[in-house]
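Next come the chains, spelled out residue by residue.
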Amino acid sequence: MSSPGTTTSFLSGTTPLCKGLAGVLIGGHFVVQIFPVTVTYLALIPARTIPFAWNLITAGYLEQTIYGAAISTVGLLFLGKLLQPLWGSREFVKFIFFVNFLTSVCIFITAISLYYVTTQEIYLYTPLSGFHGILSGFLVGVKQIMPDQELLKIKAKWFPSIMIILSTAVCILVPEMEKYLPTLIFGTYSSWIYLRYLQKKPETKLQGDPSDEFAFSSFFPEFLRPVIDPIASVFHKMFCGRFTSSNDTQEYSYDGAPLPGSDPIEASRRRERGARALEERLAAERLAAAESAEDSERDPTANV
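Residues numbered from 1 in each chain as written. Predicted model: local features only at pLDDT ≥ 70, side-chain atom pairs only at ≥ 80, totals over all residues. Heavy atoms only, no water.

Caption draft 1: Main features of the overall build of the protein chain. Of the regular secondary structure elements, the protein chain holds 12 helices and seven strands. For the protein chain, the residues scored as buried account for 40% of the 304 residues in total. Within the protein chain, contacts between residues at least 6 apart in sequence are counted, and of these 68% link residues at least 24 apart. Accessible area of the protein chain: about 17100 Å², with a carbon and sulfur share of 66%. (Helix = DSSP H or I, 4+ residues; strand = E, 2+ residues; numbered from the N terminus. Buried < 20%, exposed > 50% of the residue type's maximum accessible area, 1.4 Å probe, protein only. Contact = heavy atoms within 4.5 Å. Areas by Shrake-Rupley, 256 points an atom, 1.4 Å probe, with all protein chains shown as cover.)

Caption draft 2: How the structure looks around the packing of helix H8 (residues 132–145) against helix H9 (residues 159–173). Between H8 and H9, the shortest axis-to-axis distance is 8 Å and the interhelical angle comes to 150°. The angle between H8 and H9 places the two elements in the roughly antiparallel class. For the pair H8 and H9, contact is made by Ser 136, Leu 139, Val 140, Val 142 and Lys 143 and by Phe 159, Pro 160 and Met 163, respectively. Residues belonging to the contact of H8 with H9 are distributed by class as follows: six nonpolar, one polar and one charged. (Axes fitted to C-alpha atoms, helices over the stretch in contact; angles between N-to-C directions. Parallel < 35°, antiparallel > 145°, perpendicular 65-115°, else oblique. Nonpolar A, V, L, I, M, F, W, Y, C, P; charged D, E, K, R; others polar.)

Caption draft 3: Fine view of the confidence of the model for the protein chain. Across the protein chain, pLDDT averages 81, with 72% of residues at or above 70. When the criterion is pLDDT under 50, residues 243–263 qualifies, and its contacts beyond four places in sequence or with other chains add up to 41 contacts. (pLDDT = per-residue confidence, 0-100.)

Caption draft 4: View of the packing of helix H6 (residues 89–118) against helix H10 (residues 181–198). Interaxial distance between H6 and H10 falls to 8 Å at its minimum, and their mutual angle equals 135°. Here H6 is positioned oblique relative to H10, judged by the angle of their axes. Considering the relative orientation of H6 and H10, their crossing is right-handed. On the side of H6, the interface is formed by Glu 91, Lys 94, Phe 95, Phe 98, Val 99, Leu 102, Thr 103, Cys 106, Ile 107 and Thr 110, while H10 contributes Thr 183, Phe 186, Gly 187, Ser 190, Ser 191, Ile 193, Tyr 194, Leu 195 and Leu 198. For the contact of H6 with H10, the residue count by class is 11 nonpolar, six polar and two charged. (Left-handed = near helix turned anticlockwise from the far one by under 90°.)

Caption draft 5: Just the nonpolar core, in detail. Among the nonpolar cores identified, the biggest contains 35 residues, and Leu 76, Phe 92, Phe 95, Ile 96, Phe 131 and Phe 138 are the most heavily contacted of them. For this core, the element with the highest residue contribution is H8, accounting for seven residues. Excluding residues within four positions of it along the chain, Phe 92 makes contact with Leu 17, Cys 18, Leu 21, Leu 76, Gly 80, Leu 83, Gln 84, Trp 87 and Phe 138. In terms of nonpolar packing, the next biggest core, distinct from the first, is built from six residues, Leu 56, Ile 107, Phe 108 and Leu 128 among them. (Core = buried A, V, L, I, M, F, W, Y, C linked by side-chain atoms within 4.5 Å.)

Caption draft 6: A look at the pattern of salt bridges. Per the counting criterion, the structure on display carries two salt bridges. The closest approach of N and O atoms between Glu 91 and Lys 94, which form a salt bridge, is 3.2 Å. Linking Glu 91 with Lys 94, this pair stays in helix H6, spanning three residues, or about one helical turn. Looking at Lys 94, the relative accessible area reads 33%, which means it is partly exposed. Between Glu 222 and Arg 225 there is a salt bridge, and its shortest N-O distance comes to 3.1 Å. You can call Glu 222 exposed: its relative accessible area is 58%. (Salt bridge = Lys/Arg side-chain N within 4 Å of Asp/Glu carboxyl O.)

Caption draft 7: View of the UniProt feature "transmembrane region" (unreviewed entry) in the protein chain. Mapped onto this numbering, the UniProt entry annotates "transmembrane region" (unreviewed entry) at residues 21–45, 65–83, 95–116, 122–146 and 158–175. Helix makes up 95% of residues 65–83 and strand 0%. Its end C-alpha atoms lie 26 Å apart. Spanning residues 122–146, this segment combines 72% helix with 0% strand, and its end C-alpha atoms are found 40 Å apart. (UniProt positions renumbered as here; feature names shortened; annotations may be inferred.)

Caption draft 8: Focus on the side chain of Lys 143. Turning to its location among the elements, Lys 143 is positioned in helix H8. One buried charge, Lys 143, has no salt-bridge partner; the nearest side chain with opposite charge is Glu 213, at 9.0 Å. A distance of 3.3 Å separates the side chain of Lys 143 from the side chain of Ser 218, its partner in a polar contact. (Lys, Arg positive; Asp, Glu negative; His and termini not counted. Polar contact = N/O pair within 3.5 Å; in protein donor to acceptor, adjacent residues only side chain to side chain.)

Caption draft 9: Here's a closer look at unusual backbone geometry. The backbone of Thr 119 sits at a positive phi, close to 60°, despite the residue not being glycine. Among the structural elements, Thr 119 can be located in the loop between H6 and helix H7 (122–125).

Here is the structure:
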């Protein structure tokens, strides 16, 4: 049984924004349980998206199962307190909105395409919703900021790839879970697009992260990168056509100035900031846990 000190330690450092979003997820789940008809209007149902276009936005914040609500809430609070202090509240909100909306659009297009190919109406009328697409995007953010940080001897740069592999394996073993896989895949890709090309960096007044360590091929094993790079370069030209590459240094530039992330020194500093922020947060949580334990030991003696 968890003690109040454990709960306090977990919530310490969690920002009001993340707590507010967690409240939205929990509140949305209870609304669905009390009024099941709300799923029709808030979840993404491709056949009804044209009149109910707002479900492209609301679907991402609607958890239909208690397990989904629990996992999404814990994931948001844990990953949010790592990323939001480094990105800032505005960029954090923009990231969530962009990933959620683009993921929903991609799922809608995919479902309509599958219907025309297979003529199975299940693709049109299955209610799809959940925060798991944004959670997969948070893992991409962790990969960018602290790629060499290890958890269970696994480097953070492999978290998104491992998540996709494990999710695919689960879907093969449990076909009922396959409806979650497109959201995870599109959430991962949408977040990479935002961080790679669109995220603004206040310290440089430029945007994106064109470093080789965050290239699309970095999600794949080394031996596959020669195959992935030519394909990814097509999308790079679509999203990043205004950037030019120096023939001498092969580094990205914008009007002659190197872009943030293309410089190995800048990339190293970004990793150091991410690792330092993580260490400081873990130290603060350990201190809060120790103080809470001391208070709990002190209270019985005070009541004697």
